[in-house]
Each structure stands twice: as structure tokens, then as C-alpha cells.
Amino acid sequence: MITGSKAGTKTVALIGTDAIAEAMRQINPDVVAAYPITPQTAIVETYSQMVADGLVKTNMIAVESEHSAMSAAIGAAASGARVMTATSAQGLGLMWEMLYIASGLRLPIIMPNVNRALSAPINIHCDHGDSMGARDSGWIQLFSENAQESYDNTIQAIRIAENPAVLLPVMVLLDGFIISHSIDRVELLDDEVVSHFVGEFKPAYSLLNARNPVSVGNFDGLYGYYFEFKRQQEEALLNSFRVINEVGEEFGKISGRPYRFFETIGMEDAEFAIIVLGSAAGTVRQQVEDMRAKGIPIGMIKLRVFRPFPARELAEAISRMKAVAVFDRSSTFAGNMGGPVFIELRSALYDLQKRPLLVNYVYGLGGRDLSVDLVNKAAAELAEVACSGQVKQPVNYLGLRE
Amino acid sequence: MSTKLADLVQKPQYLSGGHRLCAGCGASIAVRQILMGVPDDVKLVIANPTGCLEVSTSIYPYTAWNTSYIHSAFENAAATLSGAEAAYQTLKKQGKIKEDFRFVVFGGDGGTYDIGLQALSGTLERGHRLVYVCYNNEAYMNTGIQRSGATIMGSWTTTSPYGRYSSGKKENRKDMTAIAAAHNIPYVAQASISHWRDLVRKAQKAFAADGPAFINVLSPCHRGWRYPMEKTVEMAKMAVQACIWPLYEVENGKWNLTAKVKKQPVEGYLKTQGRFAHLFQEENKDILKAIQENVDAEWEKLLNLCEQK
């Protein structure tokens, strides 16, 4: 580790998975139940070592599958423990059934998911198809651009999930290999600062409360309250908008890095813009800044919170644009409807009187590199759309061998 | 600990009346007998996989359980409860919980033999201190009597029906109790609701074990087996006497028979149940013979393991 100087922080060189493990060590959860999968494995390995070295109080369960990882996490969280797990791609797929049960039981489980392409064909590299598929499972989803944001999001996730107005599980997303396995500069907060920030978990209900035993996961019966429970869950997700911003602001005070739903560059005077999430934001930002230096009126939005989808704020941010390009690192197989961010954003714009033209760029599936040339190509086409007022092809593939 | 009836009736009732299980259901009998083996002065967390017992005892906003209870899904009751047990271990160590807790799963043969086998195996191998009880009624009864890995060869179910080209289930059942024993856990037993004192004693040992324990309890289902509902305990007793459901335990690796029986021909047992009715037609007599041969072979194997020969 290379140590830095700023008071209250330590600047280190870490790969993304180690940044996550550091956040976990500082959070010091009661229970971690996890199963290794590339490229998440290093989180489980590093954390196991931390447990073995007595750096944390965590009872770590080396389960036999991801389905059991989420099941054990559910059992532990229902018992009043602060619980974390981590996974990737096929592992998230195997957890599918339990994702809905974790959110439906309103258990604030935290799970970093290292984004990786789903089989078939089997591919271990990055795309967002795994977590995008889970977008309707009732989890809050926070995307990260780099190791720093992966670390920061993990710490904030605890406070968001455990807020009594929310009580929903949170997925922290980081790009496989690009973030998980690349050495990056990370500012770590002091252990005490993180410990104080996350506070102690005080669950309202627990299986282990001997004075007030509870039943968890009851049968809803034939004419039960399922509909009302689901409506309450939606309400909790709506509440999370406020909480995500409050926690992001408070985190800014201890770190100098405040967080909101998304970050903007040049949107105040841009005529067209690119929306992107994950590590590709770094590549896009550099190009956008270069183009702006040349007087090209381009802006950029880096989306951090995908669930809940900040539709109103995004619509407001892009309503004055002539054209917007949405970069999606996954496809939906909906029939040329584009990627998930594109579809949601289009829907968010429907009620506007005046709205920008939208184009979609699906890129980077299975880890295909997003080069500077490809970003420039998309930016040039976007400028053409803004200039001509016409979209020739709404859904485009960037970097595809055709 | 006592297994005297006078003492057992004083034990707390964790499963209260008013649940919606069928009259004559073997599962609730198994649950009550097992929970008579819970030590005094401990708290309980009970888990169910999805199944008859779960849907009949936890209908929101009610519960029949006078203690903490969790159900999450079908194939994962063992994994779910292993998480609760892990939480308990660390929270107790941290001084956040004062009471002593015990953890018990009641799962059907579907949730145990088949869909839940992996999660169960992982839980047993990891050494969580919990008791896993299979209330075994030899088919998927909650969804309407479909074959399971516990279903006896020749048995009619809705997915192993009797027809022109079928004589019921083709395959022999798997030996789940031996599979559990192969995990080398402190305590494994096979029990029957008809032999209540034997069952309670096994439950006492299971709750006392310093590690995982597994008990496979034969819990007949009159809806699926097709016999009069008042005969549930009698069916379980006949199964033990025919040695198609022998009573034994594996305590720290040592196999012991726990009930002396005068072995009866299996035909007498099969004859009492509608699920085997087709086997008594002339063209199916080979299947009857094969069932008896299976029972004999498994019994011999068990006697050898228990060093009774």
C-alpha cells in the first residue's frame, strides 16, 4: 500500500475487489455468507483472510452455492444481524428467486455484484446484463465508476438499506475486471469514521428477540395482503430517493465526495449529451472534456442510481437538449427496443412537452472494449442527429463486428 | 431427560391447535413429538421449507407457532436456518443475546430428499448446530400427491400413475437417512410417529448434540396414501413392523437399532393403502416380489451396520 497524507484519510493503491473488502472490514458486518465466482472471488478470499486474522467480528459462512448464500443472508438478517454477501453473473442468476424474497421480507442485505456477462456463451468479462436483469427484483442498485466509488457506495449502502423508511436490500455494482481487477487510487476513510457513519444496526424485529418472537415469511393465504405488501414495497423504494440523497450528502461531509443520483458535466450549456453508467464513464468523460475544449456543445450524465430510477431528475436534466445518446452495456432482447437505460429514459421523457431526440448505443457486451475511437464515432453521430433533427437508427451497436 | 408421558404432557406446546392441517395428518404429530424433546429453558427458532406444514400453520395474519418462525422458499430451509444460527453464534458472542436458542427445521420429503438436498448437505457439512427433521410422507403432498425420491417403488402418485403402460413408480426410493449419516454428523436417526417414546428420546439426543442432527420421521398422509384418516398412527406402526421403515440411530458414527421387531411380510402393509391397490392385480405380482426383496436387502444391510448379525 502507498500511503498518502490528507488528514482522516489514507490514499492507497487497491484493486476494486480489495476496495470492497476494505469497506466490508470497516463496516464489520455480523454475518457474511458468500460463494466464490469470477470476478468476485477476490472479495471472498480477501475477506476470509480478514476473518482468519481476527480483524473483524464477522461470522463468515462459506456456503455451497449462491442460492444458499442469499438464503443464509436472509436467515441471518431476519435474526437481527447486519449481513453482507457478494456475487457476480451466474451467481446472481442462481440467487434470483431469493432476491425477490430478500426485498419482499424487507431485509437490508448489502451485496456488491461484480458485473459480468451472463452465459451462454460462457464469458467472464464485464457487461451489465446480470444486474440489469435483476432491476425489477426490488433491490436498490448503485453503479460505480471506479474502485473509489465502489468503496464509497458500499459504505453508503448500509445507511440507505437500514433506514427505517426504506428497509430494502442494496446492490453495489462494479464492472468486472475493469474495476475489480485494476489497480486504482483509493482514498480510505479512517476505521472510526466509517464505524461512526454506519452506526449500529438496530432492527425493529428479530427471530432472536426472546421477548417478542416473530413469524417471518408467512403464507399470504388465498385472499391475503400480497397486493398491499407490494404497494408498501414501492413506497419504501420511493422513500429511498430522499434517503439516498441525504446519505450521499452526509457522506460528502466525512469524505469530501458528496453523492447524488447522477453526476453531470457541461449540461448547463450543452446542446447534446451522452448518458453512461459504470467504468465507461471515465472514457466518455475524457472525450467530452476534450470536445468541449474545442467548442463542441456536448455534455454528459453519469448515472449512479439505476434503482430507483430517477426519472424526474433525469428528464429535467436533459429536457433542453436537442439530442441524447444513451450508452447501454447490456441488451434487453425486447425486439430492437434498446438497452434498459434507453428504454427507461424514453419512458421518463414521455410526459415532457418538449423532449430531446434519443439514440441508443449498446456497447461492451462480454467485455468488448469501449475505445476512444468508438466514443468519438458515437459523439459525431450524435452531433449529426442534433444538427439534422432526425434519428436514422434509434438502436445502434458500438464496437460490434458486423 | 424424562420420556414419561406424565412429564411430556407438561412440556410447552410450540404448535398450537387451530392450524389448517388435515384431520389425521401425520406431520403435526411428528412436530409435537419432536418438540417434546426440546430442553427446558431454551428459546426456539423454527424453519419450514414451502410445503403442507408451512401453508397450514402460517396463514397471515395468524401463526400457529408459539415461537419464532421463518419460511423463505422451498429448497433452502436448511441454508436459511444456517444463517439464523450463524447470526445467533456471533450475536451471543458479542453479548447482544443472553438466552440460549435452539434451531429446528421441519421439512417434507420434497424439501429434504429432492429440491432441498444440496442446501441440507451444505448445512450438515458446515456443522451448524441445528436439528433438521424430515416429516416424510413419501410424496409431494402439498401440490397434490406427486412422486418424490422418498416414494416407494410401485406406488401410485399423480406423476407415477397406474395405467396401461405403467404400474406406478418404477424406481426404488433413495436412502436419505444414510445420506445424512454419510456427513459424519453427531446424530442421525430414523423414527416413526407410532413409536412416540423412541421418537422423543431421539429428539432429546438431537437437541443435545453439539452440531447438526438429522431425524427422518415417517409421517403418513391419508390423502396421498389412500387409507381412512383415523389409521395414520397404525400405518406408521405397520411400516415399522414390516421393516420397510426400520427404527435406528447413528450416534457419533455408531449404528444402533432402537426397536425390536418381529418382521412381518410387507404385503400386509401395502394391502391397507389405496396407493398400492393396483399391485394386487395378477400382472403386477412381480412388483410386489421386488418390493419385498428391496425391503429384505435393506434390512440385512442395516442389521450388518448395527452389528446385529
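Only a predicted model underlies this, so the values are computations on that prediction, with no experimental measurement involved.

What follows covers the overall build of chain B. Helix and strand counts for chain B come out as 12 helices and 10 strands. In terms of C-alpha radius of gyration, chain B reaches 19 Å, essentially the compact-globule figure of 19 Å for 309 residues. Considered along the principal axes of its C-alpha atoms, chain B spans approximately 70 × 50 × 40 Å. Per-residue burial for chain B yields a buried fraction of 53% across its 309 residues.

In this section: the overall build of chain A. Summing up its helical and strand segments, chain A has 12 helices and 16 strands in all. Computed over C-alpha atoms, the radius of gyration of chain A comes to 21 Å, within 12% of the 21 Å expected from 2.2 N^0.38 for 402 residues, which places it in the range of a compact globule. If you line up chain A on its principal axes, its C-alpha atoms span 70 × 60 × 40 Å. Residues counted as buried form 54% of the 402 residues belonging to chain A. Within chain A, contacts between residues separated by at least 24 positions form 79% of all contacts whose residues are at least 6 apart in sequence.

Another point: the nonpolar core. Within the largest apolar cluster, 225 residues are counted, with the highest numbers of intra-cluster contacts made by A76(A), V170(A), A273(A), I275(A), V133(B) and I215(B). The greatest single-element share of this core, amounting to nine residues, is contributed by helix α4 (residues 77-93) of chain B. Not counting the four nearest positions on each side in its chain, A273(A) is found in contact with M267(A), I298(A), G299(A), M300(A), I301(A), I318(A), M321(A) and V324(A).

All names here are of chain A. At their nearest, the axes of helix α1 (residues 16-27) and helix α6 (residues 147-162) sit 8 Å apart, and the two run at 30° to each other. By the angle between their axes, α1 is roughly parallel relative to α6. Taken as a pair, α1 and α6 cross one another with a handedness that is right-handed. Each of G16, A19, I20, E22, A23 and I27 in α1 lies in contact with α6, whose residues at this interface are A147, S150, Y151, T154, I155 and I158.

Okay, the sheet that holds strand β12 (residues 298-303) of chain A next. Residues and elements named next belong to chain A. A sheet is described by the order of its strands in space; here six strands give the open sequence β10-β12-β11-β14-β15-β16, paired in mixed fashion. The open sheet is flanked by β10 (262-265) and β16 (395-398), the only strands paired with a single partner. Neighbour-to-neighbour, the strand axes of the sheet open up by a mean angle of 20°, direction not taken into account. Here strand β14 (residues 323-328) pairs with strand β15 (residues 357-363) via six bridges, running parallel. Residue A323 lies in a different strand from β15, and its bridge partner there is L357.

Moving on: the interface of chain A and chain B. Counting residues at the interface gives 38 residues for chain A, matched by 37 residues for chain B. When contributions to the side of chain A that touches chain B are tallied by element, the ones reaching two or more residues are β2 (31-34), β3 (59-62), α3 (66-78), α4 (89-104) and β9 (215-216) of chain A. With nine residues, α3(A) is the single largest residue contributor to the side of chain A that touches chain B. Class assignment for the residues of the side of chain A that touches chain B results in 20 nonpolar, 13 polar and five charged.

Another aspect to go through is the domain arrangement of chain A. It is common to report an interface's size as the accessible area lost on association of the parts. Residue and element names in this part refer to chain A. Domain assignment breaks chain A into domain 1 (9-255) and domain 2 (262-398). When each unit is reduced to the centre of its C-alpha atoms, the spacing between domain 1 and domain 2 is 28 Å. Opposite the 26 residues of domain 1 that make contact, domain 2 presents 19 residues. At the level of secondary structure, the elements contributing two or more residues to the side of domain 1 that touches domain 2 comprise α5 (129-133), β6 (140-143) and α8 (226-255). If one sorts the elements of the side of domain 1 that touches domain 2 by residue count, α8 sits on top with five residues. Along the lines of polarity and charge, the residues of the side of domain 1 that touches domain 2 split into 14 nonpolar, eight polar and four charged.

Read from one edge of the open sheet, nine strands run β9(A)-β2(B)-β1(B)-β3(B)-β4(B)-β8(B)-β7(B)-β9(B)-β10(B), paired in mixed fashion. Two strands in the sheet have a free side with no partner beyond their single neighbour: β9 of chain A together with β10 (254-257) of chain B. Where strand β1 (residues 43-48) of chain B and strand β3 (residues 101-108) of chain B come together, five bridges link them in parallel fashion. Its bridge partner being in β3(B), I46(B) is matched across the sheet by V104(B).

Thresholds applied
- Residues numbered from 1 in each chain as written.
- Chains lettered and ligands numbered in written order.
- Predicted model: local features only at pLDDT ≥ 70, side-chain atom pairs only at ≥ 80, totals over all residues.
- Helix = DSSP H or I, 4+ residues; strand = E, 2+ residues; numbered from the N terminus.
- Rg over C-alpha atoms; globule rule 2.2 N^0.38 Å.
- Buried ≥ 20, exposed ≤ 12 C-beta atoms within 10 Å, placed from the backbone.
- Contact = placed C-beta atoms within 7 Å.
- Core = buried A, V, L, I, M, F, W, Y, C linked by C-beta atoms within 7 Å.
- Axes fitted to C-alpha atoms, helices over the stretch in contact; angles between N-to-C directions.
- Parallel < 35°, antiparallel > 145°, perpendicular 65-115°, else oblique.
- Left-handed = near helix turned anticlockwise from the far one by under 90°.
- Pairing = 2+ DSSP bridges.
- Nonpolar A, V, L, I, M, F, W, Y, C, P; charged D, E, K, R; others polar.
- Domains from an automatic or database assignment.

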